[in-house]
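Understanding the architecture of this molecule
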Amino acid sequence: MKQLTFTCDLPRLKAAAIAAGRKDIRFYLNGVCVEVHKGRLLYVATDGYRMHVVEDECDAIDGHTPPFIVPIKFVLGLKPMGVRSQHAVVSPRLPVLVTVNNRGLREIAVAQGEGSRITKEVDGKFPDWRCVMLSDTSGLPGQYNPEFLAAVQRAGELIQGRKVPILDVNYN
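Everything quoted here is computed from the prediction, not taken from an experiment.

The number of helices and strands found in the chain is three helices and eight strands. For the chain, the succession of helices and strands along the chain, N to C, is β-α-β-β-β-β-α-β-β-β-α. In the chain, which comprises 172 residues, the proportion classed as buried is 38%. Accessible surface, the chain as shown: approximately 11200 Å² in total, 54% of it carbon and sulfur.

See the structure below:
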């Protein structure tokens, strides 16, 4: 059995999860795609209308691992490790163990307190998200859905750990 071990930043993972589908019939959208590539982690989620791509540093990884989809219910149920108190700081990084079974499906285990939470990856192929990313900008003004901008603001607040102005919107 092949195993892959790394730590993930929980606020970054949950920031990407904001854009994930919840009850989409395209089951592969009901999760966060995790890519481990060239010394970095990418968390990608989309509901077909919006997409969040969040980059994270990666530890203890060599080479390239095919992407896998972590179910959204599993991601939303994860909690930071440790006990929050006046003097203790809760670590946002969670140890993750991904095991590939004999049929090629991966099992994801995340350390949580005294034990660990285990799930299986979503069986499916996540869309090629790089195809919809702009390679350059035109400079023309755009129209944006305010709900989507608010979701980006929430994602930034999760990553920063506090309320900060993430978006700077200028009007003509």
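What follows covers helix H3 (residues 146–160). The end-to-end C-alpha distance of H3 is 21 Å, a good match for the 21 Å that 15 residues give at a rise of 1.5 Å each. Looking at H3, one finds that the buried residues are Ala-151, Gln-153, Ala-155 and Gly-156. Elements that come into contact with the buried residues of H3 comprise helix H1 (10–17) and strand E4 (51–57). Capping the start of H3, Asn-145 holds a side-chain oxygen 2.9 Å from the backbone nitrogen of Glu-147, two or three residues further along. Phi turns positive, to about 80 degrees, at Gly-161, one or two residues after H3.

On to the pairing of strand E7 (residues 106–112), then. Both faces of the sheet carry side chains from a regular strand, because those side chains alternate between them. Buried residues dominate E7, accounting for five of its seven residues. Note that strand E6 (residues 93–100) and E7 share five bridges and pair antiparallel. Of the residues in E7, the one forming a bridge with Val-100 is Arg-106. Sheet topology note: the E7/strand E8 (residues 115–120) ladder contains six bridges and is antiparallel. When the bridges of E8 are listed, Ile-108 appears paired with Thr-119.

Evaluation of the coordinates by the stated rule reveals one aromatic pair. Look at Phe-27 and Tyr-28: their rings are 5.6 Å apart centre to centre, the planes differ by 75 degrees, and that puts the pair in the edge-to-face class. Using a relative accessible area of 46% as the deciding quantity, one classes Phe-27 as partly exposed. Taking the relative accessible area as the measure of exposure, Tyr-28 reaches 23% and is therefore partly exposed.

Reading the values: the criteria
Residues numbered from 1 in each chain as written. Predicted model: local features only at pLDDT ≥ 70, side-chain atom pairs only at ≥ 80, totals over all residues. Heavy atoms only, no water. Helix = DSSP H or I, 4+ residues; strand = E, 2+ residues; numbered from the N terminus. Buried < 20%, exposed > 50% of the residue type's maximum accessible area, 1.4 Å probe, protein only. Areas by Shrake-Rupley, 256 points an atom, 1.4 Å probe, with all protein chains shown as cover. Expected span 1.5 Å × (residues − 1). Contact = heavy atoms within 4.5 Å. Polar contact = N/O pair within 3.5 Å; in protein donor to acceptor, adjacent residues only side chain to side chain. Pairing = 2+ DSSP bridges. Phe/Tyr/Trp six-rings, centres within 6.5 Å; stacked < 30°, edge-to-face > 60°.

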